[in-house]
Every structure is written in structure tokens, then in C-alpha cells.
Amino acid sequence: MKSYIPLYPPNIPKKSIYYLKKCVNDNYVSTGGSLVRVFEKKISEYTHSKYVVALNSGTSGLHLALKVVGIEKQDEVIVPTLTFVATINSVIYNGCSPIFMDCDEYYNIDVNKVLNFLEKKTIFRKNFTYNKKTKKRIYAIIVTHVWGNAANLLKLVKICKKKNIKVIEDASESLGTFYKKNKKHTGTVGDIGVLSFNANKIITTGCGGMLLTNNKKYYNLTKYFSAQAKDDNVYFVHNNVGYNYRMTNISAALGIEQVNNLSKILNKKEKIKNFYKKYIKKKKWVKFFNGPNYSKNNNWMNIIQLDFRKKKPLKKIIDLFEKKRVQLRPVWNLNHEQKPFKSFESYKIKNAKKLFKNSLCMPSSSNLNSKDIKRIIDIFD
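We now turn to the structure provided with this report.

Here is what the cut-offs are and how they apply
Residues numbered from 1 in each chain as written. Predicted model: local features only at pLDDT ≥ 70, side-chain atom pairs only at ≥ 80, totals over all residues. Heavy atoms only, no water. Helix = DSSP H or I, 4+ residues; strand = E, 2+ residues; numbered from the N terminus. Rg over C-alpha atoms; globule rule 2.2 N^0.38 Å. Areas by Shrake-Rupley, 256 points an atom, 1.4 Å probe, with all protein chains shown as cover. Lys, Arg positive; Asp, Glu negative; His and termini not counted. Charge placed at Lys NZ, Arg CZ, Asp CG, Glu CD. 1 Å grid on protein atoms, 1.4 Å probe; cavity = no way out; pocket = protein on both sides within 12 Å on 5 of 7 lines; lining within 4 Å. Points joined across faces, edges and corners; volume = space filled by probe spheres on them. Nonpolar A, V, L, I, M, F, W, Y, C, P; charged D, E, K, R; others polar. Core = buried A, V, L, I, M, F, W, Y, C linked by side-chain atoms within 4.5 Å. Buried < 20%, exposed > 50% of the residue type's maximum accessible area, 1.4 Å probe, protein only. Contact = heavy atoms within 4.5 Å. Phe/Tyr/Trp six-rings, centres within 6.5 Å; stacked < 30°, edge-to-face > 60°. Lys NZ or Arg CZ within 6 Å of the ring centre and 35° of its normal. Arc of directions from axis to C-beta. Patch = residues over 30% accessible without salt bridge, like charges linked within 9 Å, V, L, I, M, F, W, Y side chains within 5 Å. Salt bridge = Lys/Arg side-chain N within 4 Å of Asp/Glu carboxyl O. Pairing = 2+ DSSP bridges. Axes fitted to C-alpha atoms, helices over the stretch in contact; angles between N-to-C directions. Left-handed = near helix turned anticlockwise from the far one by under 90°. Polar contact = N/O pair within 3.5 Å; in protein donor to acceptor, adjacent residues only side chain to side chain.

A few words now on the overall build of the protein chain. Of regular secondary structure, the protein chain possesses 12 helices and 16 strands. The C-alpha radius of gyration computed for the protein chain amounts to 21 Å, which stays within 12% of the reference 21 Å derived for 381 residues, consistent with globular compactness. In terms of principal-axis extent, the alpha carbons of the protein chain reach across some 65 × 60 × 40 Å. For the protein chain, the exposed area adds up to about 18,000 Å²; of that, 51% sits on carbon and sulfur atoms. Each charge class in the protein chain can be summarised by its mean position, and for the 70 positive and 27 negative side chains these summaries are 4 Å apart.

This is the structure we're talking about:
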């Protein structure tokens, strides 16, 4: 029987065992160990972010990102409908309302539709932007760099600054992705960026995340709120409600050696992408999705798009691959259609519906080789 090829198992180097043993030997397995600071420094240097805070998940980072930029209950946040649900949940955690936007051809938020919405559906007064329909303040926008491909942010950031709308980058999937024009890493263009180190990301700490910012105030507030909002470490004084969101030393131990090997991982991911492109060329009804050319992308997830005039529905294709011991996944259900979010505003969503219906996520771990990918593509008859 052929081995099973999952969508994205982690690929942890053996040298990580050295750092894990160090955790145990030093008796620092919780959030107070030195390896957290080592990991933070490495990510800071790689992304050129002045300040970073290691957290227990990307979701925690998104929650705190909105909180520390000053969002208030009942504010609104512009979000993409095509993103993992954590992006939207972070808005709800803060007692705010999402406004759902369509995506562009790269699965990222449609910047032109966002700008159109801001021009036609909002008013700027008393130094803030308000929604004409709901009369609520639009305080922030969350932009997800989907599949590791950079969103087209530069123009959007300039407009948002004029309209006093904070820009949060959900860079959970895009560690290693840089803009070609200004050489900036995703997550460092807006006010705050958030990385994820979940088990299926470019590098993993099992679970975990990192908040990136060049703003010292946001950095200090993130450290404060992520460590239970301690105002006095001796007498346990807490003047605010805090959260237990810091990364553990064990998690950081897993990540350090992967950061050291990040260039090798990204090179391997580039090769995997090229193998997919090579073998898919022979399948007329299957198209390989290419990311935007304005950025150097990390190729986190490989996506194919299908022509349904000639072949089967997604579910039948996924079931067929499962029988052949290969795991595929559809893209996320659109969030504006999810039960908890149906009552919130959405704006001209069209392209996301098309991409949801014709797109599949392919196995993408850096464990893959050419033989694996040929076997995967050969299943398409």
C-alpha cells in the first residue's frame, strides 16, 4: 500500500532536540525562559521588525493587535471574506463588527473594492471614518496575505492613514514573503503584523504566533496584556483585564533551528511549486495558481483551479484523492456566509464565490519530493 500524503505535516529538524533538551535541563518550560527571547530576536532580525512579541497563537496576536491600537466596542473592522475564521473571530473578541470584502485574483482582499467602499459608503469627520449606513466608526482593517502571497497593500496603507484607519496585517501564512519594490517583509507595512507558527506553517512551534510592530507603545501594551496585565509582579496588582497569551519556552525551542534553516526551507518550497507547475501542464482541465509578481512569495500553500465544464465537483475529487491516499482540501468557506456572521455587512462579494467553487489546496509540506508530486498529479485523469 502506498504511503499517505497529508496536506501539510510539519518538518522539524533534528537539531531542535538540542534546544528542547536545554529547556528541560534549565527547568524553564513555561513562558519565562531565555529561548523565547532568542526566538524573538531571530524573527525580528529576519523580518526587520523593530519590536516583536512571541505569543501562543496567531489568533492571540490578532486579538491583541486590535486591542492595542485602541479599538473600542461597537467599532467596525474591514475584513476579507476569504480567510481563516480566526481573522474574523479576533474582531468579535473585541466586541466589534466585521465588514466583509471580496478578494482579488490572488485570493487577497480586493483593495480597489475597499477603496471604492471608503469613497462611497463612508464619511470622514472629527478625525475618524464612519460608516454612512450604520453610523459606526470604522477603526481598522485586517488584511490577510492568503496562501503566503503578499496583498497589494502600499496604496491602501496611504489611504487608510489619511482616513485614520489602523492597518493590521494577518501575515500568519506569509513568513518569508517580501515586497520587491521596498524590500519589506509582510507584516511590517501596516501598523501591526501577526505571524503564525501553527503545525502547518512554513515553520512551526506546535502552536504559536508573533506580533510585529515598529511602534513602541503597541509593543509595550502587547507585552502587558499578553502576560495577564500585571501592574506589580510581587503583590499581584492588575489594573486591567489581561490574557495568558505568551509563548512557552518549549515552543520557542522548536522554532529556533527552523529560523536558522529558513532560507533552505524557502528554496525547497520554490522547488515544490515548480514541480507542480511542470506536471500540471499536462492536465488540460487543471490550472496551477501563480501568486503576484510584485512580491517574492514563500509558496506556503500550492493551489490549483479546476475547469468544471469538463470534470467532477470538488467533493468527488477530494473523495477520489482520499481513496488514493492523498489529502486535498477546499479553500475556507466564505466567512460572510458563516452562521455567526451572516448579519454583518458585506460589500460586492463576487470573485471570492468563484474561487471558493473552483479551488483546491494541494499537499505542500517541505517534506515532499518530485516523485510525491508526480504521484499526486497523476491522479487527475
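For the structure shown, the criterion picks out two cavities of 30 Å³ or more. Of the pockets and cavities examined, the largest cavity occupies roughly 70 Å³. Contributing to the lining of the largest cavity are 14 residues, with Tyr8, Asn11, Lys201, Ile202 and Ser366 lying nearest its centre. Classifying every residue of the lining of the largest cavity gives seven nonpolar, five polar and two charged.

What follows deals with the layout of surface pockets. Considering only enclosed or pocket space, the largest pocket measures out at about 460 Å³ in volume. Taken together, 27 residues form the lining of the largest pocket, with Phe84, Glu173, Asn198, Asn200 and Lys201 sitting closest to its centre. Those elements that place two or more of their residues in the lining of the largest pocket are α3 (58-68), α4 (86-93) and β14 (329-330). Taken together, the residues of the lining of the largest pocket break down into 12 nonpolar, 11 polar and four charged.

Time to look at the nonpolar core. Judged by nonpolar contacts, the single largest core of 74 residues is most densely connected at Phe39 and Trp147. Once residues within four sequence positions are removed from consideration, tryptophan 147 is found in contact with Tyr107, Glu173, Phe289, Asn298, Trp300, Met301, Ile303, Val331, Trp332 and Cys361.

Let us look at the packing of aromatic side chains. Applying the stated criterion across every chain, the model contains 20 aromatic pairs. Geometrically, the ring pair formed by tyrosine 106 and tyrosine 294 is edge-to-face, given 6.3 Å between the ring centres and 85° between the ring planes. Taken together, the positions of tyrosine 106 in the loop between β3 (97-101) and α5 (111-121) and tyrosine 294 in the loop between β11 (286-288) and β12 (295-296) put the pair 188 residues apart, joining distant regions of the chain. Consider the rings of tyrosine 179 and tyrosine 294, whose centres lie 6.4 Å apart with planes at 10°: the pair is stacked. One end of the pair, tyrosine 179, is in strand β8 (residues 178-179); the other, tyrosine 294, is in the loop between β11 and β12, with 115 residues separating them in the sequence. Within the aromatic cluster, the residues linked to one another by ring pairs are Tyr8, Tyr106, Tyr107, Trp147, Tyr179, Phe289, Tyr294, Trp300 and Trp332. Over the aromatic face of tyrosine 130 sits the side chain of arginine 125, whose NZ or CZ is 4.1 Å from the ring centroid.

Moving on to helix α6 (residues 154-162). Among the residues of α6, Leu156, Val157 and Cys160 are the ones counted as buried. Buried residues of α6, viewed axially, fall in a sector of 100°; they line one side. The exposed residues of α6 that point more than 90 degrees off its buried face are Lys155, Lys158, Lys161 and Lys162. On its buried side, α6 packs onto α5, β6 (137-144) and β7 (166-170). Just past α6, the residue asparagine 164 takes up positive phi, approximately 55°.

Right, let's get into the environment of leucine 360. Structurally, leucine 360 can be placed in strand β16 (residues 359-362). Residue leucine 360 is classed as buried on the basis of its relative accessible area, which comes to 0%. Considered as a pair, leucine 360 and phenylalanine 289 are 71 residues apart in the sequence and their alpha carbons are 10.0 Å apart.

Turning to a positive patch on the surface, a few remarks are in order. A cluster of basic side chains, namely Lys120, Lys121, Lys132, Lys133 and Lys348, defines a positive patch on the protein surface. Its place among the elements puts lysine 132 in the loop between β5 (128-131) and β6.

What follows covers the pattern of salt bridges. On inspection of all chains with the given rule, the structure shows nine salt bridges. The residue aspartate 102 makes a salt bridge to lysine 113 at a minimum N-O spacing of 2.6 Å. Highlighted residues: aspartate 102 in the loop between β3 and α5 and lysine 113 in helix α5, separated in sequence by 11 residues. Given a relative accessible area of 1%, aspartate 102 falls into the buried group. Salt bridges linked by common partners bring Glu72, Asp75 and Arg137 together as one network.

A few words on the sheet that holds β14. Here we have four strands laid out as an open sheet, ordered β11-β13-β16-β14, and antiparallel in their pairing. Each end of this open sheet is capped by a strand with a single partner; those strands are β11 and β14. The sheet contact formed by β11 and strand β13 (residues 302-306) spans three bridges and is antiparallel. Counterpart to lysine 287 in the pairing with β13 is glutamine 305. Lying over the sheet, helix α10 (residues 314-323) contacts β13, β14 and β16, oriented at roughly 20° with respect to β16.

On to the packing of helix α9 (residues 262-280) against helix α12 (residues 370-378), then. Interaxial distance between α9 and α12 falls to 9 Å at its minimum, and their mutual angle equals 40°. Crossing handedness for the pair α9 and α12: right-handed. Facing Ile272, Phe275, Tyr276, Tyr279 and Ile280 of α9, the residues of α12 in contact are Ser370, Ile373, Lys374, Ile376 and Ile377.

It is worth spelling out α12 at this point. Restricting attention to buried positions, one finds in α12 the residues Asp372, Ile373, Arg375, Ile376 and Ile377. Where α12 is buried, its residues touch α9, α10 and β16. Regarding α12, its N-cap is asparagine 369, as a side-chain oxygen of that residue lies 3.1 Å from the backbone nitrogen of lysine 371 further along.

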